[in-house]
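One letter stands for each residue in the lines below.
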Amino acid sequence: MTTRLALALALALGMPMSAHAQTPASAASQPANPFFAQSPLPLHYPQFDRITDADFAPAFDAGMAAQLEEIQAIADNPAKPTFDNTIVAMEKSGQLLERASTVFFNLVGTDTNPVREKLRSDYSARFAAHRDAISLNGKLFARIQALYDTRTELGLDPQGVRLIEKYHTDFVRDGAKLSDADKTKLKQINAELAALATQFSQNVLKEVNDSAVVVDDVTQLAGLSQSQISTAADEANSRNLPGKYVITLLNTTGQPPLTNLSNRDLREKIFKASINRGSRGNAYDNTALVSRIMTLRAQKAKMLGYPTYAAYSLEDQTAKTPQAVNDMLGKLAPAAVANAKREAADLQAMIDAEQKAAGKPSFTLAAWDWAFYSEKVRQAKYNFDQSQLKPYFEMKNVLENGVFYAAGQEYGLTFKERTDLPKYHPDTYVYDVFDADGSQLAIFIFDPYARASKRGGAWMNAYVSQSGLTGDKPVVANHLNIPKPPAGQPTLLTWDEVTTAFHEFGHALHGMFSNVQYPYFSGTSVPRDFVEFPSQVNEMWADYPSVLKHYARHHQSGEAMPQELLDKVLAAAKFNQGFATTEYLGAAMLDQRWHQISVDQIPDAAGVMAFEARALAADGIAYPPVPPRYRTPYFSHIMGGYSAGYYAYIWSEVLDANTQQWFEQHGGLSRANGDRFRKLLLSQGGSQDAMKLFQDFAGHAPQIEPLLEKRGLQTKLD
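**Digging into the pattern of salt bridges**
- What the rule picks out here adds up to 36 salt bridges.
- Measuring nitrogen to oxygen at the nearest pair gives 2.8 Å for the salt bridge that ties Lys244 to Asp216. Here the residue Lys244 occupies a position in the loop between α9 (226–238) and β2 (245–247), and Asp216 occupies one in the loop between β1 (213–215) and α9, the gap between them amounting to 28 residues.
- Given the relative accessible area of 51%, Asp216 is considered exposed.
- Taking the shortest distance from any N to any O, the salt bridge between Arg378 and Glu375 comes out at 3.1 Å. Pair noted here: Arg378 and Glu375 are both in helix α14 (residues 370–382), with a separation of three residues, about one helical turn.
- Its relative accessible area of 13% is what places Arg378 among the buried residues.
- Among the charged side chains, a salt-bridge network with shared partners connects Glu653, Asp656, Lys710 and Arg711.

Dropping the structure here:
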């Protein structure tokens, strides 16, 4: 019925994503709708050229109706519950709904429009009600309970036993054991949460666009490249502001132009525009939504028998308890802030020296100065700046001769671009992916550019997930938010964008290598605090010497990046890690604070920002020059699927650092090492306990020391 990846999307968007079923009889009545039958394209790749926005609502309606019929038939089956007539039947249910909803929510994230946003709003509560109609079906749960009670006596393989256990856990956590009155109340809460999550997400996107900074005079843009200035001019023209320049924002606190802009007043203006998003008292203010969402989540947790929403959310993660998360974050925070303060001292010294040389009074380092002066300190310490790197990182070359090359060296994969398949946006690339034996493994979509219709950040999603039960092979996509240069100019990446490309492809590999029987376990359908682990491991190849040499080539001359510059890139790997760790921990600890309080402790809208300030101070992470990576009103992760789960990135990084250490100790990048990682971990999806998968590969329990060394914190902890 639902995969773990689909469940994460459902939590984020108020939407149940379901696995495969037979096409309903009503399909014949609507032959023009491309969702009413499986796509005839290779690997069931979506028919983007045939899909229109008018197709979604009929497919949603028919898909929900068909799945409810399928589910009710399972619940009403007079035969004794068996694995096949109950669990497998549920796994096969909802094919039409999954096809339509998978494409719809992926398009909402990558290329939304007013029609899609209205559909999202109109259907969010209905999707939540649909999910509740299944998970709160008493007769259905009675069959699951009967199988759960006898699961070890059914002659199933371990994956089948685990599937019964996971269904039972999900249904209990969804309220299957509640009284009828509480089930009714829970349905109301879920419907409202779904609607609020949709509204929050829409406000974030609108606020990003509304908060763009208009610049009147090109001289204020000193420090930006000509390409960046042209992009700002093009954005102004698109907004009917001829002769002006518009600096667009990303949905993070820090903004890329702050690294290069020499005009301090403009840096401050951009920074303040960023941090005030969602709390300005305008139409897109999210503070009231935050208060209501947190109240409803706390009420839901209490109803289900948990003291806080964090306790509820973490129970089925590898961390298990809020205390485990608090302990890990609490160990890292003091060292991170101490490192950040040492870095700040270097930045302040640079400011003082420059101001003195210019005969001007100095000023105190502020948050909008950090990126600008840290780049100057980087240049002074390592004798290079990030702009020196960009000519060697042309986007498609990084993808094909870096990301793909590493996958070829490690796993034997090959890639071939194809231009015959339809695209949902012209700025995307499509590749066939072939295994080492030459057979087709997957189709991969690469969507690199930022646009107003695309949500912020970087992510992977699956259009088709692997399953032995259905015979499906993966169709997966990676999405970045790289500024698109003016026509005719190359797309040159920053080092952060390069590592992000490797990171997201780690998620893609997790999806492509999936080799499980049941859709529930497919690909990245693992605990949230484990899902980032394989992607972080894949980052290690970005600066691996043999890989870096293969793709770091000048976009005009083709010459390799000089060895001296390569060495400087590697030497600077731990630079600014105090800042990076502190801004991340600020957000992760803020997430826990919001979700570790009871209903009576939740502030109203007017108190949301004050609560945030108190929480950061209480955790010792309130350091003004380094604000959280996300502030509460634009913290989309925790208002969606990562509620009480933003810690997952660094929790996963502990596993990643241990795994990187294993690779280094066993010869680095090789087919033998890659094949082992694929067999023992990447191919398993959620079919086994996540920590068991890690320990089977690494040979020991996770240790924190490799992470401390990786981030340059190992000498700062007691």
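Back to the text.
**Digging into helix α18 (residues 528–538)**
- α18 sits mainly inside the fold: 11 of its 11 residues count as buried.
- Those residues of α18 that are buried are in contact with α12 (309–314), α16 (395–411), α17 (495–512), α24 (648–665), α25 (671–680) and α26 (690–698).

**Focus: the sheet that holds strand β5 (residues 440–449)**
- Overall, mixed pairing links the five strands, which are arranged β3-β4-β5-β7-β6 in an open sheet. This sheet does not close on itself; its edge strands, each paired only once, are β3 (414–417) and β6 (459–464). Adjacent strand axes in the sheet meet at a mean angle of 25°, parallel and antiparallel pairs treated alike.
- Bridge count for β3 against strand β4 (residues 429–434) is four bridges, and the pairing is antiparallel.

**A few points about the environment of Ile71**
- Along the polypeptide, Ile71 turns up in helix α2 (residues 56–76).
- With relative accessibility at 1%, the residue Ile71 sits in the buried group.
- Apart from residues no more than four positions distant in its own chain, Ile71 is found in contact with Met90, Ser93, Ile134, Asn137 and Leu140.

**Let's talk about the pairing of β4**
- Among the six residues that make up β4, five are buried, leaving the element largely enclosed by the rest of the structure.
- Across six bridges, β4 lies against β5 in antiparallel orientation. Looking across to β5, one finds that Asp432 is bridged to Ile443.

**Re unusual backbone geometry**
- Residues other than glycine seldom take positive phi values, yet His44 does so here, at roughly 60°.
- Tracing the chain through its elements places His44 in the loop between α1 (4–13) and α2.
- Under the relative-accessibility criterion, His44 is labelled partly exposed at 28%.
- Phi is positive for Lys320, close to 75°, though the residue is something other than glycine.
- Here Lys320 shows up in the loop between α12 and α13 (322–357).

**Looking at the nonpolar core**
- Counting 167 residues, the largest nonpolar core has Phe393, Phe444, Phe505, Tyr551 and Leu585 as its most contacted members.
- If one sorts the elements of this core by residue count, α13 sits on top with 13 residues.
- Apart from residues no more than four positions distant in its own chain, Tyr551 is found in contact with Tyr392, Phe393, Asn397, Val398, Asn401, Gly402, Trp495, Val498, Phe502 and Ala542.
- Counting residues in hydrophobic clusters, the runner-up holds 31 residues, among them Tyr45, Leu96, Tyr123 and Val430.

Cut-off values and rules
- Residues numbered from 1 in each chain as written.
- Predicted model: local features only at pLDDT ≥ 70, side-chain atom pairs only at ≥ 80, totals over all residues.
- Heavy atoms only, no water.
- Salt bridge = Lys/Arg side-chain N within 4 Å of Asp/Glu carboxyl O.
- Helix = DSSP H or I, 4+ residues; strand = E, 2+ residues; numbered from the N terminus.
- Buried < 20%, exposed > 50% of the residue type's maximum accessible area, 1.4 Å probe, protein only.
- Contact = heavy atoms within 4.5 Å.
- Pairing = 2+ DSSP bridges.
- Axes fitted to C-alpha atoms, helices over the stretch in contact; angles between N-to-C directions.
- Core = buried A, V, L, I, M, F, W, Y, C linked by side-chain atoms within 4.5 Å.

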